[in-house]
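Below are the chains, spelled out letter by letter.
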Amino acid sequence: LGYFGVAFFVKAALLAVPGLAQRKYAWMCVLFPSVVYWPASIGKEAVVMLGLGVGTYGIAIMFARRKWVRSVSLVAVGLGFAGLVRPHMAGIWLAAALPALVLASVLGGRSLAIAGPPKKSSRFGVIVIVALAAVALSAVGSITVRFLDPGNDDVSTSSFSDILAETQRRSAKNGSTFEPSSVARPVNWPFAVARTLTRPLPIEARSIAQALSAAELVALGGFYAISWQRLRNLPRMLFTNPYLAFWLTALFLGALAYSSFANLGILTRQKSLLFPFMLLAPCLPLWGRTRPEDS
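What counts and what doesn't
- Residues numbered from 1 in each chain as written.
- Predicted model: local features only at pLDDT ≥ 70, side-chain atom pairs only at ≥ 80, totals over all residues.
- Heavy atoms only, no water.
- Patch = residues over 30% accessible without salt bridge, like charges linked within 9 Å, V, L, I, M, F, W, Y side chains within 5 Å.
- Areas by Shrake-Rupley, 256 points an atom, 1.4 Å probe, with all protein chains shown as cover.
- Salt bridge = Lys/Arg side-chain N within 4 Å of Asp/Glu carboxyl O.
- Lys, Arg positive; Asp, Glu negative; His and termini not counted.
- Charge placed at Lys NZ, Arg CZ, Asp CG, Glu CD.
- Helix = DSSP H or I, 4+ residues; strand = E, 2+ residues; numbered from the N terminus.
- 1 Å grid on protein atoms, 1.4 Å probe; cavity = no way out; pocket = protein on both sides within 12 Å on 5 of 7 lines; lining within 4 Å.
- Points joined across faces, edges and corners; volume = space filled by probe spheres on them.
- Nonpolar A, V, L, I, M, F, W, Y, C, P; charged D, E, K, R; others polar.
- Phe/Tyr/Trp six-rings, centres within 6.5 Å; stacked < 30°, edge-to-face > 60°.
- Buried < 20%, exposed > 50% of the residue type's maximum accessible area, 1.4 Å probe, protein only.

Visitor: Any chance you could explain a positive patch on the surface here in plain terms?
Guide: Where like charges cluster on the molecular surface, the positive patch consists of Lys11, Arg65, Lys67 and Arg70. Take Arg65: it is sitting in helix H4 (residues 44-65).

And the structure:
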């Protein structure tokens, strides 16, 4: 289940990001230790990875092909499947899709992910999907609060803050504990996200398992460094490719949700669900390239 979930992530990127270094991205997704190890165990990660992968593929079809029935069906099945185990992850995916859908509505058929002239019904279809996504997000938000805190029926900023605080308290037990970054104010969020995605650093490793995780992140940082020419294309593509807008928003919100974990073991396992997205940036198209790369 975990492997097929990763395959759906790869298929989604290949479909929705013209000019992507396809073979490089596929190899990274099937070889990086976090993606291979954690979803390979008999546990929640395998199920959630499959659900998120199917939902991501549906979102890619939505942006790249404008096939509404097929895409909405895949999103509903995939995120519904993932939501049975972790409803907050389904909520993050839906929340990330909203700004991307708005961007798709603004772009019409001018997105890099869409070939040929735009259909007249495309913009209307996007508006309808935005409305449905907003309703679904509200429902998932309510379910998530009740799932994480069964005694709380109030969906508010304070309730989410209380849940994050409780998550930090519960995860700060046993070994591998650390002091997570503060997310008390929005101004703290970028740093908290960056530290969540880059933890543990080599200087923070206190065991062999932590050292291996740190080495993996160093290797990923190396890929980012040698792919700087691809990364410089990111700001322009964020405003011309709705899938990339969804990708970055989902990665940011996912890391923000995990920033309350105070245990490296738990964080490393949970972060494996975001790794297919973390591996996408070094494979972005080179400047001006819209045809797929084979290597």
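Following the structure, the description resumes.
Visitor: Quick question: what am I supposed to make of empty space enclosed by the protein here?
Guide: For the coordinates displayed, the defined rule picks out two cavities of 30 Å³ or more. Lining the second largest cavity are Ser34, Ser213, Glu216, Leu217, Thr268, Lys271 and Phe275. Elements represented by at least two residues in the lining of the second largest cavity include exactly helix H10 (208-226) and helix H14 (264-271). Ranked by the residues each element gives to the lining of the second largest cavity, the list is headed by H10, at three residues. Of the residues belonging to the lining of the second largest cavity, the class tally is two nonpolar, three polar and two charged.

Visitor: Before we go on, may I ask you to explain the environment of Leu248 in this structure?
Guide: Examined against the element boundaries, Leu248 turns out to sit in helix H13 (residues 242-258). Along the chain, Leu248 and Ala96 lie 152 residues apart, while their C-alpha atoms are 8.1 Å from each other.

Visitor: What is the right way to look at the packing of aromatic side chains in this model?
Guide: To describe a pair of aromatic rings, one takes the distance between the centres and the angle between the planes. In the structure shown here, the tally under the stated rule is ten aromatic pairs. Between Phe9 and Phe277, the ring centres sit 5.3 Å apart and the planes meet at 85°, which makes this aromatic pair edge-to-face. Taken together, the positions of Phe9 in helix H1 (residues 2-16) and Phe277 in helix H15 (residues 275-278) put the pair 268 residues apart, joining distant regions of the chain. The same class applies to Phe9 as to Phe277, namely buried. Taken together, the aromatic side chains of Phe9, Trp93, Tyr243, Phe246 and Phe277 make up a single cluster linked through ring pairs.

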